[in-house]
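The residues making up each chain are set out below.
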Amino acid sequence: MICRVFFFGLLLVGALSSPTPPSTSPSTTNSMEGPCRIFNSARSADCLGRQLSTIPWETFPTTLEDIDLSYNKLQTVLADDFHHLPKLRVLQLQFNNISYIHDDSFKNNPLLEHLNVFNNSLEEIPARAVTPLSHLQQLYMSNNLYRYATLDEGFSKLAKLQVLSMGGPLVEGLKKSDFQPLKNIRLQGFAIKCSSNLSYYEPGSLEVIQTRQMGFDMAVDQRPRALVHMLHDLYNKSFTALQFRNLFEFMYYTGDEDIFQGLKYITAYQLIFHRGKYNENLLRMALTNLQVAPIKRLRLQYIDFARSPTFVDSGAGSSITDLKLDRLDLWYISNPDVLRFDWRFTWFNKIKELSIQYVYFNFVPCDSWAEMEGIQLLDISNNRLQDNYLSNQRCDYRGYMPNLHTFNLSTNELTSLKDLSDLTREFKRLTVLDVSNNKLGSVKMSQGCVWQPNFTRFIAHHNSFDSEALNCLPTTVQYLDLSYCDLDQLNMRYFEKAATLKELLLTGNKIKFIPSDWKSPSLQSLALDGNSFGLISTESFYGMPRLSRLTAGNNPYHCTCELHAFVQNTVLKGMVNLTDWPWNYRCYHPEAFLNTVISKYLPSEVSCDIRLVIIISVATTTAVILILVLICYIFDLPWYTKATYQIIRAKYRAHKEKAAGEMSSFTYHAFISYSHCDAEWVREQLLPCLENNRNPYRLCIHERDFMPGKWIIDNIIENIESSRKVIFILSRHFVNSEWCNYELYFAQQRAMGKTFSDVILVVKEPIDPSSLPSKYCKLKKMLSTKTYLEWPQQVNQQAFFWEQLRTVLGKPTMNQERGHSVKSRTSSVGGVSVIVCPEEGETPKTAQNNTNQEKNITFVKGSNELSNERQIPVVVF
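Residues numbered from 1 in each chain as written. Predicted model: local features only at pLDDT ≥ 70, side-chain atom pairs only at ≥ 80, totals over all residues. Heavy atoms only, no water.

Per the secondary structure count, the protein includes 19 helices and 38 strands. Residue burial in the protein is summarised as follows: out of 877 residues, 50% are buried. (Helix = DSSP H or I, 4+ residues; strand = E, 2+ residues; numbered from the N terminus. Buried < 20%, exposed > 50% of the residue type's maximum accessible area, 1.4 Å probe, protein only.)

Below is the structure:
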């Protein structure tokens, strides 16, 4: 509000003469080399502050429309400087040292609309140079060195002129004829500057001026009555703003004449007194006339106020009791006594909006609150107020400020929310409280707050709040601003109570996480940008069903699937409007995505959808299991697994037996593996030829040599391991026997890591290796790569077969004899009841004590139904 200054006021202050037309951003325009920057597609030239002493016209393209040559060292403007710029519309020459402008300088610039020669050294008004400019709308030529303010008749041709500022420190006065050329021109703004020692003023000088805004920069210290004539010239005129600058520059007015009496005949929306010396007497004259003047706003800024030494308080009360203003601004006044004008506060009684800034008062008497009964908006920001300055425990605030709805206490030094609640509790209509830029928020000073129930807006940004101090805030608000309050976490208890909260600003804090239990059922707009949390998800806002606007950029986001899902739900589905999307949303973690715009973070669907991951995992696992089952079925892996398990069990038991004292070594020259269908051939052909001779071989066959009572598997493994060689009698019946397959597998395991020289293959009848089942892969390989013996059907060739077999078996010598001989277990081969290798699906054989035929323990066949199977668990005898 304090930065809002009317256009004509800027002219008179002298800091600025006119707004600088906005330049196009260099990033979107071209530029050329030279003393000036040419941009905006060669339509604009920036020569500001280049220390130029002459105008570099030769570098200007003919397409220029806007040239800024301000703040240089130019001294003259020649006829050829701008003659090749027919499109020129804006020319800024302020703050140079120009003393001469050629009459034809702007002859070829018929489109010129804005000309600024403020604050130069012109010794006369450049009338001949500007009068040809029929399109001229704004002309700034004040603060120059000409001595007279008389305008040439040619100014009457400037029919489009809207703003005119003129005069300077050497203009000693105004004459009635000075502004006659303007009598038919309706201006928007007119400003006149005269010498600080005004010498003359002819009544009627300003009578012909028609304008919406008027400003005077002249001191009437020596001729105070000049002000009476100036105001008289403005009788019955209406202005949007009327400003007097430095009205009394060097001394206070001590006269008795009411020099402001003309104000009551002037209609103005706003009256401004800028700078100057004002004592109590002069201010009383102005306020007295304003009580009846049709003026709605008054601003006193940068004035030097002093008490009148001759004023005597008679106790009769203030003379200003009926000052009706829509707004009163008291800004940058060095003496806070101005507030207690006439030693009373009654002049505030009928003010609707009161703004007191940079006055630095340090005490608010109890009666001042009582006198401000008409105030609806009170702004006492920027005054360094402390708690004890503002709130007085001795004051009874009941019934005070009955119409106040907005209270601005920002930019002070307040620390206690408790004192604020005590002060405003009785302000029954107060709905808006601004306490930003203070020192509020400590837990100690935020206890026991009781607010009146009408608050709808609470503005407290730029304080330092502890999370527990939030409990001291009013819970009836609809708008809450806690931006830049050093909050590192939120107090959910407060937000549960603030059920009507609709808009919440938490920008620029240090919030590290968003609570999952945050419930604000009425919240519609939330600002969380510039905090410290990295995780955000849709679950974070489940407790805010009405949330429609969210600002959450400039946080150190962790780019995860959860964040991606949040973006999908908010941005793409339109559930919540992210007001600062997408450029303020960047990845901070992981390092590979640092500074990546989150809108470009697109993780795969598989990595983010847990349901899809589960489905794929289950499907893959199922497929693998099915493949493994298929492989097991094709390659008989269960059978190999079972056989391996039996080997391990048997070796473990053998190891236990050995530890118990049993000794084992090669007991047999060979272990014979054959099918039951080939048992007759083994008994009648093989055994007699190898055992019944001078150097007999000791052979192991299951029919006579397996130990009764042992597991069949253990008997097989033990006897194979106790045999130097293993002879397999191969036939079609052998291939179909499950037990023969076991014996072959165990023999292979025995030879693991060795050669297969201990395995002897005897093919009793022709076998096609390709016709063997897949589980006989080793046998296939052995038949393809190993020399085997083939039983000849011709009798004359059988003797040679036996000789070959004995050669393969070697000489019948043993490393160690077994503790008991074969004879001890069987009386003869012919008396052996044979237990044969059954085919697949056979029932196991059992061993029985055949007392009817033989005395020794033997293995016998079972019933006809069980004759083709061996039982794995146990041998019964």
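This part covers the sheet that holds strand 35 (residues 759–763). Strand order in the open sheet made by the five strands is 33-32-34-35-36, with parallel pairing throughout. The strands lining the two open edges of the sheet, one partner per strand, are strand 33 (699–700) and strand 36 (789–790). Bridging between strand 32 (residues 668–673) and strand 33 involves two bridges; their strand directions are parallel. Among the inter-strand pairings, A670 is bridged to a residue of strand 33, identified as L699. Taken strand by strand, helix 18 (residues 777–785) contacts strand 34 (723–730) and strand 35, and its axis lies near 80° from that of strand 35. (Pairing = 2+ DSSP bridges. Contact = heavy atoms within 4.5 Å. Axes fitted to C-alpha atoms, helices over the stretch in contact; angles between N-to-C directions.)

Tracing the sequence through the fold places N569 in helix 9 (residues 561–572). Under the relative-accessibility criterion, N569 is labelled buried at 18%.

Next up on the list: the pairing of strand 17 (residues 295–301). Across the seven residues that make up strand 17, a large majority, six, are buried. The sheet contact formed by strand 15 (residues 267–274) and strand 17 spans six bridges and is parallel. Following the sheet pairing, Q270 is matched in strand 17 by R297. Inspection of the sheet shows strand 17 paired to strand 19 (residues 325–331) by five bridges, in the parallel sense. Looking at strand 19, one finds that R299 is bridged to D329.

This part covers the packing of helix 13 (residues 679–691) against helix 19 (residues 798–809). Contact geometry for helix 13 and helix 19: axes closest at 10 Å, N-to-C directions at 65°. You can see that helix 13 and helix 19 cross each other, and the crossing is right-handed. Residue-level contacts link W681, Q685, L686, C689 and L690 of helix 13 to W802, L805, R806 and L809 of helix 19. By residue class, the composition of the contact of helix 13 with helix 19 is seven nonpolar, one polar and one charged. (Left-handed = near helix turned anticlockwise from the far one by under 90°. Nonpolar A, V, L, I, M, F, W, Y, C, P; charged D, E, K, R; others polar.)

What follows deals with helix 13. Helix geometry: helix 13 is bent most strongly at Q685, by close to 25°, with proline P688 lying one to four residues after it. Of the residues making up helix 13, those classed as buried are A679, W681, V682, L686, L687, L690 and E691. Considering only its buried residues, helix 13 is in contact with strand 32, strand 33, helix 14 (702–705), strand 34, strand 35 and helix 19. (Bend = angle between axes of the 7 residues up to and from the residue.)

Moving on, we get to the side chain of D529. Here D529 is to be found in the loop between strand 27 (525–527) and strand 28 (549–551). Despite its burial, D529 pairs with no opposite charge; the closest candidate is R549, at 12 Å N-O. Not counting residues within four places of it along the chain, the set of residues in contact with D529 comprises L506, T507, G508, T551, A552, G553, N555 and D580. (Lys, Arg positive; Asp, Glu negative; His and termini not counted. Salt bridge = Lys/Arg side-chain N within 4 Å of Asp/Glu carboxyl O.)

Time to look at the pattern of salt bridges. A side chain of one charge can pair with a side chain of the opposite charge when the charged atoms of the two come close. This model, assessed by the stated rule, comprises 27 salt bridges. In this structure, E353 and R327 form a salt bridge, with 2.9 Å as the shortest nitrogen-oxygen distance. Linking E353 in strand 20 (residues 351–357) with R327 in strand 19, this pair joins segments that are 26 residues apart in sequence. Owing to a relative accessible area of 25%, E353 belongs among the partly exposed residues under this scheme. Put simply, R299, R327, D329 and E353 are held in one network by salt bridges that share partners.

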